[in-house]
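What the coordinates show
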Amino acid sequence: EDIRKCFDALMNKSFNDARKELVQIQMNGGLAIEDMLSGIFNLVVKTNMPKDMKTFLVKQMAETEYRLAFATNEKIQLASVIATFYLARQQLETVMKASK
């Protein structure tokens, strides 16, 4: 349930609102960012979205997970994931508008 809330926030909320929600989920549920990434990855793979968007998201999440292995700042990496989803959503909106 927490992973689904994270995914929904990443897909639908503003950067600041998504960050607040993900931080709250982490604090209340004790969810590590690595676990969050793993669960979100599973949802991305299963979700019906354009292949380019899916590829972009998976690649960026893999890079975030790699950086986390080297003890980088979790807050910065969480912000990076949120920014990645925000950019992917912006790209999708641009494509949708252009195809109308």
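By convention here, each chain's residues receive numbers from 1 onward along its written sequence. Only residues with pLDDT of at least 70 are given local features in this predicted model, and only at 80 or more are side-chain atom pairs given and counted; all residues enter the totals for whole chains, interfaces and linings. As a convention, hydrogens and water are excluded, and side-chain values are obtained from all of the structure's heavy atoms.

What counts as a helix is a DSSP run of H or I of at least four residues, what counts as a strand is a run of E of at least two, and both are numbered from the N terminus. Secondary-structure assignment places Leu22 in helix 2 (residues 15-29). Residues Leu22 and Cys6, spaced 16 residues apart in sequence, show a C-alpha to C-alpha distance of 5.9 Å. Here Leu22 is in contact with Cys6, Ala9, Leu10, Met36, Leu78 and Ile82, once residues within four sequence places are set aside. Throughout, a contact is declared for two residues whenever any of their heavy atoms are within 4.5 Å.

Attention now moves to the side chain of Gln26. As for its placement among the helices and strands, Gln26 is situated in helix 2. A simple rule labels every residue: compare its accessible area, found with a 1.4 Å probe on the protein chains alone, to the largest value its type can have, and call it buried under 20%, exposed over 50%, or partly exposed in between. Using a relative accessible area of 18% as the deciding quantity, one classes Gln26 as buried.

Take the nonpolar core next. One finds Leu22, Ile40, Val44 and Phe85 to be the most contacted residues of the largest nonpolar core, which totals 24 residues. When contributions to this core are tallied by element, the ones reaching two or more residues are helix 1 (2-12), helix 2, helix 3 (33-46), helix 4 (51-68) and helix 5 (74-98). Counting residues per element, this core draws most heavily on helix 3, at six residues. Definition used in this section: a nonpolar core is a set of buried Ala, Val, Leu, Ile, Met, Phe, Trp, Tyr and Cys residues joined via side-chain atoms within 4.5 Å.

Quick look at the confidence of the model for the protein chain now. In predicted models, pLDDT denotes the confidence assigned by the predictor to each residue on a 0 to 100 scale. On average, residues of the protein chain score 88 in pLDDT, and 100% of them are at 70 or above. Mean pLDDT across the secondary structure elements of the protein chain bottoms out at helix 5, with 86, and peaks at helix 1, with 93.

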